[in-house]
Amino acid sequence: MASKQDSASRIAENKKAAFNYFFEERFEAGMVLEGWEVKALREGKVQLTDGYVVIRDGELFIIGCQINPLRTASTHVRPESMRTRKLLMQKDQIRRLIGKVEQKGYTLVPIDLHWKNGRVKCELALAKGKAEHDKRDTIKDREGKREVERAMKTRTR
């Protein structure tokens, strides 16, 4: 029997990021977590919506990723749901990211958290912010697709 953490199963997704940013490149990074955080992730107690990635001293950190502790967390641990967590990537990739982030308008955004071979991975995107008219275009495209799907659905009946 395969467990739900085999291969690459999704834990959480940041859908708001795709609405607010254009993704240029995608990267995968490991995360430094405490035991109670891994247990909470298995239960899906995580929110990425307000998360963002910063680079400090040549290292990546995710800020604003909220992992809510389980009520059954042990008594000697003081869980902090909004703490800054370190992301693990190869140095040459981080150096390349530093160069791109320093360019005007680029930022690092967490897209999703997923299991990969029993470890938690964070997918990041090198992104550029969308202007208001781009967001309106995204909404218009999405509504157009919905209308087409509805029309196809009623035709097949």
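Residues numbered from 1 in each chain as written. Predicted model: local features only at pLDDT ≥ 70, side-chain atom pairs only at ≥ 80, totals over all residues. Heavy atoms only, no water.

1. Some points on the packing of aromatic side chains
- On inspection of all chains with the given rule, the structure shows 0 aromatic pairs.
- Positioned over the ring face of Phe-61 is Arg-56, at 5.5 Å from the centre of the ring.
- For the cation-ring pair, Lys-128 lies above Tyr-106, with the distance from its terminal atom to the ring centre recorded as 4.6 Å. (Phe/Tyr/Trp six-rings, centres within 6.5 Å; stacked < 30°, edge-to-face > 60°. Lys NZ or Arg CZ within 6 Å of the ring centre and 35° of its normal.)

2. Notes on the pattern of salt bridges
- Inspection of every chain in the model, using the stated rule, returns 9 salt bridges.
- A salt bridge links Glu-13 to Arg-10; the nearest nitrogen and oxygen atoms lie 3.6 Å apart.
- A salt bridge links Glu-25 to Arg-96; the shortest N-O distance between them is 2.6 Å. Here Glu-25 is found in strand E2 (residues 21-31), whereas its partner Arg-96 is found in helix H3 (residues 91-101), with 71 residues between them in sequence.
- In this structure Glu-25 comes out as partly exposed when scored by relative accessible area, which is 24%.
- Among the charged side chains, a salt-bridge network with shared partners connects Glu-34, Glu-37, Arg-83 and Arg-85. (Salt bridge = Lys/Arg side-chain N within 4 Å of Asp/Glu carboxyl O. Helix = DSSP H or I, 4+ residues; strand = E, 2+ residues; numbered from the N terminus. Buried < 20%, exposed > 50% of the residue type's maximum accessible area, 1.4 Å probe, protein only.)

3. A few points about the nonpolar core
- Among the nonpolar cores identified, the biggest contains 27 residues, and Leu-60, Leu-87 and Leu-113 are the most heavily contacted of them.
- Taken together, the elements giving at least two residues each to this core come down to strand E1 (10-13), E2, helix H2 (35-42), strand E5 (59-63), H3, strand E8 (106-116) and strand E9 (119-129).
- If we skip the residues at most four places from it in the chain, Leu-113 touches Arg-10, Ile-11, Ala-12, Met-31, Leu-41, Val-46, Leu-48, Cys-65, Lys-121 and Cys-122. (Core = buried A, V, L, I, M, F, W, Y, C linked by side-chain atoms within 4.5 Å. Contact = heavy atoms within 4.5 Å.)

4. Section: the environment of Gln-66
- Residue position: Gln-66 is located in strand E6 (residues 66-67).
- Gln-66 sits in the partly exposed class, given a relative accessible area of 24%.
- Along the chain, Gln-66 and Lys-15 lie 51 residues apart, while their C-alpha atoms are 15 Å from each other.
- With near-sequence residues (within four places) excluded, Gln-66 lies in contact with Lys-45, Val-46, Gln-47, Ser-81 and Met-82.

5. What about the side chain of Asp-112?
- With respect to the element layout, Asp-112 can be found in strand E8.
- Polar contacts involving the side chain of Asp-112 include one to the side chain of Arg-10, which spans 2.9 Å.
- A distance of 3.3 Å separates the side chain of Asp-112 from the side chain of His-114, its partner in a polar contact.
- Among all residues touching Asp-112, those that are not within four sequence positions of it are Arg-10, Ala-12, Glu-13, Leu-48, Lys-121, Cys-122 and Glu-123. (Polar contact = N/O pair within 3.5 Å; in protein donor to acceptor, adjacent residues only side chain to side chain.)

6. Focus on the confidence of the model for the protein
- Within the protein, residue pLDDT values average 80, and 90% of them lie at 70 or more.
- Overall, residues 1-7 carries pLDDT values under 50, and its contacts beyond four positions in sequence, including any with other chains, amount to 9 contacts. (pLDDT = per-residue confidence, 0-100.)

7. Structural notes on unusual backbone geometry
- A positive phi angle, near 50°, is found at Asp-57, a position not held by glycine.
- Tracing the chain through its elements places Asp-57 in the loop between strand E4 (52-56) and E5.
- What makes Asp-57 exposed here is its relative accessible area of 81%.
- A positive phi angle is found at Asn-117, which is not glycine, with a value near 55°.
- With respect to the helices and strands, Asn-117 occurs in the loop between E8 and E9.

8. As for the side chain of Glu-37
- By the secondary structure assignment, Glu-37 is in helix H2.
- We classify Glu-37 as buried; its relative accessible area is 0%.
- Excluding its chain neighbours within four sequence positions, the residues that come into contact with Glu-37 are Val-32, Ile-67, Arg-83 and Arg-85.

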